[in-house]
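Observations on the model geometry
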Amino acid sequence: MNLEKTATEANDIMLVRSSHGRGRARVTHAVVVIFLEFFAWGLLTTPMLTVLHETFPQHTFLMNGLVQGVKGFLSFLSAPLIGALSDIWGRKSFLLMTVFFTCAPIPFMRISPWWYFALISVSGIFAVTFSVIFAYVADITEEHERSTAYGLVSATFAASLVTSPAIGAYLSAQYGDSLVVLVATVIAVADIAFVFFVVPESLPDKMRLTSWGFPISWEQADPFASLRRVGKDSTVLLICVTVFLSYLPEAGQYSSFFLYLRQVIEFSPAAIAAFIAMVGILSIVAQTLFLSVLMRTIGNKNTVLLGLGFQLLQLAWYGFGSEPWMMWAAGTVAAMSSITFPAVSALVSHSASPDQQGVAQGMITGIRGLCNGLGPALYGFIFFLFNVELNDMEPAAGRPSSIEKSVIPGPPFLFGACAVLFALLVAIFIPDHHRLADVKTCSTRKSSGTATSHAQNSSPLATPTSDTEDIEPLLQDSSM
């Protein structure tokens, strides 16, 4: 009796500690981590353009696409493994790892540009911060709060870019690029220290393993295995195709758009910083105020469709725009299109059980990682194919503009608009939120009864199970 009483008391203490640990974790922790990481990189916007051109004076757009492409493809390969491991051993250790390796290349911008670009490429193995952050947020929020929390995290990304490019451009003009790199390095170190000393673990103790000997199958770590299983579930396939077609042009645009504004549209560094600030401020409003209202009024699916519609208009405007004012106008539309990803993340999160958020978000992040590999390389190749090159960092006055001779100044953006159009058509067939909630309940029942084969086979929506599929319930449901 005494042993039973002692064991019961120990179990109660563990549960209390778990609940207290869960209470200490806040969405603000995720917000601070994201803000510091991308603020540091935002400072480097202007120095990056200079270093990129000096390192690759020939075919700058193409080489930029290849560097970013390798990073994105490595992220695609590693995202499922990191997501699955964070579900087992907790979020904090993997959050520390992703932030450290994502920020590691920053000081090498001045030490050795070649090492800088090499480390950027290799850092893609761990550059999945958003995957771990979204899983962290899912651990500490209720389902009805999750879309708002995701919007806040995404808005923080935009907020980090509101002032940092302008600050970086000012410091670069006044004191040189070395100071900018130093400041960015200090902020990156502060972010790493914040994760290590301040950020608490979000995953309850009872959901984590205390041993590091838990086996992870190769199939579970294989990103292509996840893609193969996606084809077995029509709804998951629709979501993944939508993410791929919409994020492919976004990844390509993100990697080359500032170069495009500088060279083709002839924006000054100050104008580029102001443009980023404007889009960032509007994105914050869109992802905090408008996203919450839209999710409550028109639902999850329609919010995704609306975001895709804005993205289609934005890319078409970028593709045909030849004047600076057109870019500014398209930038306002781009801010509204930023609601797409948090809405999709909320849709995926609602379909996954509480202990599988890392796997679910890792799957979507893996697809985005694949786009981060293909998008920049594809955009760089299209720029190269249409002879759009970065010849001079400072356009000479009176230089004839190449855009006056071209009907389509930005061919890659027009290609992106076509991809988003297909994404919009695919997203129309995604089941709505009400059907999603019903199946999630069924999925929860199945996951709670994995100890018996009867529980695994009780739902007609379940596919034949395996060890890997037990860990990824999202891929078992044939509808959402």
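Since the structure is predicted, the reported quantities are computational estimates derived from the model, not experimental observations.

**Describing the overall build of the protein chain**
A tally of helices and strands in the protein chain yields 22 helices and zero strands. The proportion of buried residues among the 480 residues of the protein chain is 55%. Across the protein chain, every contact between residues at least 6 apart in sequence was considered, and the portion connecting residues at least 24 apart equals 85%. Within the structure as shown, the protein chain displays about 20400 Å² of accessible surface, and the carbon and sulfur contribution to it stands at 68%.

**Focus on the nonpolar core**
Of all hydrophobic cores here, the largest spans 105 residues; its most connected members are Tyr 318 and Met 327. Here this core spans two domains, and each of domain 1 (24-205) and domain 2 (225-389 + 409-432) adds at least three residues to it. When near neighbours in sequence (up to four residues on either side) are disregarded, Met 327 contacts Phe 257, Tyr 260, Leu 261, Ile 265, Phe 267, Phe 275, Trp 317, Tyr 318 and Gly 321.

**Let's talk about the packing of aromatic side chains**
Between two aromatic rings, the relevant description is the distance of the centres plus the angle of the planes. If you walk through the whole model with that rule in mind, you get 25 aromatic pairs. Centre to centre, the rings of Phe 130 and Phe 157 are 6.0 Å apart; their planes meet at 75 degrees, and the pair counts as edge-to-face. With Phe 130 in helix H8 (residues 129-140) and Phe 157 in helix H9 (residues 143-175), this pair connects stretches of sequence that are 27 residues apart. Given a relative accessible area of 17%, Phe 130 falls into the buried group. Their ring planes at 80 degrees and their centres at 6.2 Å tell us that Phe 267 and Phe 275 sit as a pair that is edge-to-face. Residues Phe 267 and Phe 275 agree in their burial class; the two are buried. One aromatic cluster in this structure is built from Phe 257, Tyr 260, Phe 267, Phe 275, Tyr 318, Trp 328, Tyr 379, Phe 383 and Phe 413. Between Lys 71 and the ring centre of Trp 41, over which it is positioned, the NZ or CZ distance is 5.8 Å.

**Remarks on the environment of Leu 424**
Relative to the helices and strands, Leu 424 is located in helix H19 (residues 411-427). Along the primary structure Leu 424 and Leu 305 are separated by 119 residues, whereas in three dimensions their C-alpha atoms are 6.3 Å apart. In this view, Leu 424 contacts Leu 305, Leu 308 and Gly 309; residues no more than four positions away in its chain are not counted.

**Points about the pattern of salt bridges**
The final tally for this structure, using the stated rule, is one salt bridge. With a closest N to O distance of 2.6 Å, Arg 91 and Asp 139 form a salt bridge. On the criterion of sequence distance, the pair formed by Arg 91 in the loop between helix H4 (60-89) and helix H5 (92-103) and Asp 139 in helix H8 is long-range, its members being 48 residues apart. With respect to class, Arg 91 is no different from Asp 139; both count as buried.

**A look at helix H16 (residues 324-337)**
Between its first and last C-alpha atoms H16 spans 20 Å; for 14 residues at 1.5 Å apiece the expected length is 20 Å, and the two agree. Buried residues dominate H16, accounting for ten of its 14 residues. Buried within H16 we find Met 326, Met 327, Ala 329, Ala 330, Gly 331, Val 333, Ala 334, Ala 335, Met 336 and Ser 337.

**Regarding the side chain of Thr 129**
Among the structural elements, Thr 129 can be located in helix H8. Relative accessible area serves as the criterion here: at 4%, Thr 129 is assigned to the buried category. Of the polar contacts made by the side chain of Thr 129, one reaches the side chain of Glu 37; its length is 3.3 Å. Excluding residues that lie within four positions of it along the chain, Thr 129 makes contacts with Ile 34, Glu 37, Leu 95, Thr 98, Val 99 and Thr 102.

**Concerning the packing of H9 against helix H10 (residues 177-197)**
It is at 7 Å that the axes of H9 and H10 come closest, and there the two elements cross at 140 degrees. As summarised for this structure, H9 and H10 are arranged oblique, according to the angle between their axes. Here Gly 168, Leu 171, Ser 172 and Tyr 175 of H9 lie close against H10, whose contacting residues are Asp 177, Leu 179, Val 180 and Val 183.

**A word on a nonpolar patch on the surface**
On the surface, Ile 281, Val 285, Leu 289, Phe 290 and Val 293 cluster together into a nonpolar patch covering about 400 Å² of accessible area. If you trace the backbone, Val 285 turns up in helix H14 (residues 269-297).

**Quick notes on the environment of Gly 299**
Structurally, the position occupied by Gly 299 is in the loop between H14 and helix H15 (300-320). Residues Gly 299 and Ala 343, 44 residues apart in the sequence, show an inter-C-alpha distance of 9.5 Å.

**Some points on helix H3 (residues 45-55)**
In terms of residue burial, H3 counts as a mostly covered element, since nine of its eleven residues are buried. The complete set of buried residues in H3 reads Thr 45, Thr 46, Pro 47, Met 48, Leu 49, Val 51, Leu 52, His 53 and Thr 55.

Criteria and cut-off values
- Residues numbered from 1 in each chain as written.
- Predicted model: local features only at pLDDT ≥ 70, side-chain atom pairs only at ≥ 80, totals over all residues.
- Heavy atoms only, no water.
- Helix = DSSP H or I, 4+ residues; strand = E, 2+ residues; numbered from the N terminus.
- Buried < 20%, exposed > 50% of the residue type's maximum accessible area, 1.4 Å probe, protein only.
- Contact = heavy atoms within 4.5 Å.
- Areas by Shrake-Rupley, 256 points an atom, 1.4 Å probe, with all protein chains shown as cover.
- Core = buried A, V, L, I, M, F, W, Y, C linked by side-chain atoms within 4.5 Å.
- Domains from an automatic or database assignment.
- Phe/Tyr/Trp six-rings, centres within 6.5 Å; stacked < 30°, edge-to-face > 60°.
- Lys NZ or Arg CZ within 6 Å of the ring centre and 35° of its normal.
- Salt bridge = Lys/Arg side-chain N within 4 Å of Asp/Glu carboxyl O.
- Expected span 1.5 Å × (residues − 1).
- Polar contact = N/O pair within 3.5 Å; in protein donor to acceptor, adjacent residues only side chain to side chain.
- Axes fitted to C-alpha atoms, helices over the stretch in contact; angles between N-to-C directions.
- Parallel < 35°, antiparallel > 145°, perpendicular 65-115°, else oblique.
- Patch = residues over 30% accessible without salt bridge, like charges linked within 9 Å, V, L, I, M, F, W, Y side chains within 5 Å.

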